[in-house]
Amino acid sequence: MAHKRNSNRSTSISMEYRNLKGSKRERLIAERKRAGLTQTQLAKKLGCSTATISHLELGRVKPGLDISLGLESYFKRPFEILFPDL
């Protein structure tokens, strides 16, 4: 007899960890390119991974406080300008 999975549990887990795509964050991309930085270079300056920068730019994740403050400080732009969609 096969073990029946708890459908409520699997649904809540998949909803919690699903990979959401949002709109691309054009302003963040433009600021990075204006500064002449690659995603890898910006990641090193902020102390995070290149994947984090990529996911931020693609709208897949929201920035945490440390990344938000780092971006504001580096680009000299407020959060609302860098992330107008949040």
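Quick look at the structure, then. (Residues numbered from 1 in each chain as written. Predicted model: local features only at pLDDT ≥ 70, side-chain atom pairs only at ≥ 80, totals over all residues. Heavy atoms only, no water.)

## Thoughts on the packing of aromatic side chains
Piece 1. The full count for this structure, using the stated rule, is two aromatic pairs.
Piece 2. Judged by centre distance (5.2 Å) and plane angle (85°), the rings of Tyr74 and Phe75 are edge-to-face.
Piece 3. Judged by its relative accessible area of 34%, Tyr74 falls in the partly exposed class.
Piece 4. What makes Phe75 buried here is its relative accessible area of 9%. (Phe/Tyr/Trp six-rings, centres within 6.5 Å; stacked < 30°, edge-to-face > 60°. Buried < 20%, exposed > 50% of the residue type's maximum accessible area, 1.4 Å probe, protein only.)

## What about the packing of helix 3 (residues 39–46) against helix 4 (residues 50–58)?
Piece 1. At a minimum axis separation of 8 Å, helix 3 and helix 4 run at an interaxial angle of 110°. By the angle between their axes, helix 3 is roughly perpendicular relative to helix 4. Crossing of helix 3 over helix 4 shows right-handed handedness. Mapping the contact onto sequence places Gln39, Thr40, Leu42, Ala43 and Leu46 in helix 3 and Thr50, Ile53, Ser54 and Glu57 in helix 4.
Piece 2. Of the residues contributing to the contact of helix 3 with helix 4, the split by class is four nonpolar, four polar and one charged. (Axes fitted to C-alpha atoms, helices over the stretch in contact; angles between N-to-C directions. Helix = DSSP H or I, 4+ residues; strand = E, 2+ residues; numbered from the N terminus. Parallel < 35°, antiparallel > 145°, perpendicular 65-115°, else oblique. Left-handed = near helix turned anticlockwise from the far one by under 90°. Contact = heavy atoms within 4.5 Å. Nonpolar A, V, L, I, M, F, W, Y, C, P; charged D, E, K, R; others polar.)

## Some points on the side chain of Arg32
Piece 1. Here Arg32 shows up in helix 2 (residues 26–34).
Piece 2. Within polar-contact distance, the side chain of Arg32 engages the side chain of Glu57 at 2.5 Å.
Piece 3. Among all residues touching Arg32, those that are not within four sequence positions of it are Leu37, Thr38, Gln39, Leu42, Glu57 and Phe75. (Polar contact = N/O pair within 3.5 Å; in protein donor to acceptor, adjacent residues only side chain to side chain.)

## Considerations on the pattern of salt bridges
Piece 1. For the structure on display, the rule yields five salt bridges.
Piece 2. Of the charged contacts, one joins Arg25 and Asp85 as a salt bridge, the two residues approaching to 3.3 Å between their closest N and O atoms. With a gap of 60 residues between them, Arg25 in the loop between helix 1 (7–17) and helix 2 and Asp85 in the segment after helix 6 (79–82) connect regions that are remote in the sequence.
Piece 3. Residue classification places Arg25 among the buried positions, given a relative accessible area of 5%. (Salt bridge = Lys/Arg side-chain N within 4 Å of Asp/Glu carboxyl O.)

## Here we look at the nonpolar core
Piece 1. Residues Leu28, Leu37, Leu42, Ala43, Leu46, Ile53, Leu56, Ile67, Leu71, Phe75, Leu82 and Phe83 constitute the largest nonpolar core, which totals twelve residues.
Piece 2. Residue assignment for this core shows that the elements contributing at least two residues are helix 3, helix 4 and helix 5 (65–75).
Piece 3. If sequence neighbours within four positions are ignored, Ile53 has contacts with Gln39, Leu42, Ala43, Leu46 and Cys48. (Core = buried A, V, L, I, M, F, W, Y, C linked by side-chain atoms within 4.5 Å.)

## Focus: the side chain of Glu31
Piece 1. As for its position among the elements, Glu31 is in helix 2.
Piece 2. For Glu31, a relative accessible area of 4% puts it in the buried group.
Piece 3. Of note is the side chain of Glu31, whose polar atom sits 3.0 Å from the side chain of Arg77.
Piece 4. With near-sequence residues (within four places) excluded, Glu31 lies in contact with Phe75, Arg77 and Leu82.

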